[in-house]
Amino acid sequence: MRKLMKKAWRLNKIIEPNKKRCLLVAFDHAVEHGPYEYEGINIDPLRIAKIAQEGMANALIVHPGAARYIKKSCGIPLIIKITGRTSLSPKIVQSITSTVEEAEYLGAVGVACTVYVGSEEEDRMLENLAFIKRECLKRGMPIIGFMYPRVKGKKKDDPRIVRYAARLGAELGVDIVKTYYTGSKESFMKVVQDSNFVPVVAAGGEEKSELEFLNMVRDIIDAGASGLAVGRNVWKRDNGSLVLKQIRRIVFGVYE
Ligand code: FBP
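Residues numbered from 1 in each chain as written. Predicted model: local features only at pLDDT ≥ 70, side-chain atom pairs only at ≥ 80, totals over all residues. Heavy atoms only, no water.

Peer 1: Can you walk me through the sheet that holds strand β3 (residues 78-81) in this structure?
Peer 2: If you walk around this closed barrel you meet the eight strands as β1-β2-β3-β6-β7-β8-β9-β10, and the pairing is parallel. Neighbour to neighbour, the strand axes of the sheet diverge by 25° on average, direction disregarded. Set on the sheet, helix α6 (residues 122-139) makes contact with β6 (110-117) and β7 (143-149); between it and β6 the angle comes to about 160°. Strands β1 (22-26) and β10 (227-230) of the sheet are contacted by helix α11 (residues 240-251), whose axis makes an angle of about 150° with β1. (Pairing = 2+ DSSP bridges. Helix = DSSP H or I, 4+ residues; strand = E, 2+ residues; numbered from the N terminus. Axes fitted to C-alpha atoms, helices over the stretch in contact; angles between N-to-C directions. Contact = heavy atoms within 4.5 Å.)

Structure below.
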């Protein structure tokens with residue numbers, strides 16, 4: 001029972017219970033893509049945490065080293081990414097890089113893990129997911145599945161495989177599915193409808209103009225998604241917290 005209460009308490013920090021919506025900031029990019037990809041941008045985790053806090057995100061997704069550093073001076077709720085990979089390796093796979101125990105020790109409200117659906121190493125990541133879920137169950141820890149298609153010869157945001165990847169996460173019991181936006185409201189509506197028994201949130205993707213991005217956020221929410229977990233389109237900008245506040249207004253339906 002205590003575990004269930006813990007989990008509900010944590011989930012309520014991530015997804016606002018009255019609106020059933022959430023706005024998360026993702027910052028695992030220096031692990032996945034390498035710091036040199038962000039030349040000229042201040043990628044100090046504390047700067048990103050302050051953007052997330054000022055922009056009123058529900059939580060920030062980071063790896064444990066960044067979490068430990070942020071925790072000392074910023075109160076934003078944290079979701080710990082416990083799988084990872086580098087883009088230096090040719091293998092399309094994420095390994096378990098930390099533990100649910102460590103996430104709990106760091107005061108996390110959730111953990112996140114990536115499954116590259118359709119990749120050659122899919123079986124390994126599905127086993128990882130089963131292991132992580134077991135650890136989450138023991139500790140009442142919510143799990144966000146980054147369900148990302150990686151099928152040879154197919155675009156990552158191909159609507160059919162995004163639908164499949166999201167549905168897989170929902171079926172396998174993650175608490176929140178995060179996946180790629182498919183590029184149109186109509187196609188993303190199908191992604192959300194297929195997985196309507198769990199909250200689905202969209203990744204932000206590569207940086208776009210502010211206007212283009214905010215229109216995309218509108219389409220994502222109109223498609224029925226529960227929110228976004230956005231990275232580059234927020235923290236690559238100088239006015240990241242302002243943009244985040246604008247995203248928040250759309251996600252939570254607060255128009256001025
Ligand atoms: P963005 O909003 O910047 O797209 O961030 C979401 C995210 O899932 C990050 O958490 C992750 O590092 C990155 O996208 C992975 O992108 P890709 O799968 O294209 O390598």
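Peer 1: Got a minute to help me understand the layout of surface pockets in this structure?
Peer 2: Space left empty within the atom packing is revealed by a probe, the size of a water molecule, rolled over the atoms. Counted as a void, the largest pocket has a volume near 780 Å³. Broken down by secondary-structure element, the contributors of at least two residues to the lining of the largest pocket are α2 (29-32), β7, α9 (210-222) and β10. Counted as a void, the second largest pocket has a volume near 210 Å³. Surrounding the second largest pocket, P90, K91, I92, G118, S119, E120, E121, R150, V151, K152, K154 and K156 form its lining. (1 Å grid on protein atoms, 1.4 Å probe; cavity = no way out; pocket = protein on both sides within 12 Å on 5 of 7 lines; lining within 4 Å. Points joined across faces, edges and corners; volume = space filled by probe spheres on them.)

Peer 1: I'm lost on the side chain of S119 in this one. Help?
Peer 2: Locating S119 in the fold gives a position in the loop between β6 and α6. With relative accessibility at 9%, the residue S119 sits in the buried group. Here S119 is in contact with I92, M125 and R150, once residues within four sequence places are set aside. (Buried < 20%, exposed > 50% of the residue type's maximum accessible area, 1.4 Å probe, protein only.)

Peer 1: Just checking my understanding: could you explain the nonpolar core for this structure?
Peer 2: Within soluble globular proteins, side chains that are nonpolar tend to cluster in buried spots. By size, the foremost hydrophobic cluster in this structure holds 87 residues, and its most contacted members are L24, L60, I76, I79, F188, L244 and I247. In this structure F188 touches T179, Y180, Y181, T182, V200, A202, I220, A223 and A225, once residues within four positions along its chain are discounted. (Core = buried A, V, L, I, M, F, W, Y, C linked by side-chain atoms within 4.5 Å.)

Peer 1: Please clarify how the site of the ligand should be interpreted in this entry.
Peer 2: Every one of the 18 residues lining the ligand counts as a neighbour, but D28, Y148, K156, Y180 and R232 are closest to it. Between the ligand and R232 there is a distance of 2.6 Å, counted from an oxygen atom to a side-chain nitrogen or oxygen. Within the complex, 95% of the 470 Å² of free accessible area of the ligand lies under protein. In this structure, the ligand is accommodated by the largest pocket. Tallied by class, the residues present in the shell around the ligand amount to seven nonpolar, five polar and six charged. (Near = heavy atom within 4 Å. Polar contact = N/O pair within 3.5 Å; in protein donor to acceptor, adjacent residues only side chain to side chain. Areas by Shrake-Rupley, 256 points an atom, 1.4 Å probe, with all protein chains shown as cover. Sits in = over half its atoms within 2 Å of the grid points. Nonpolar A, V, L, I, M, F, W, Y, C, P; charged D, E, K, R; others polar.)

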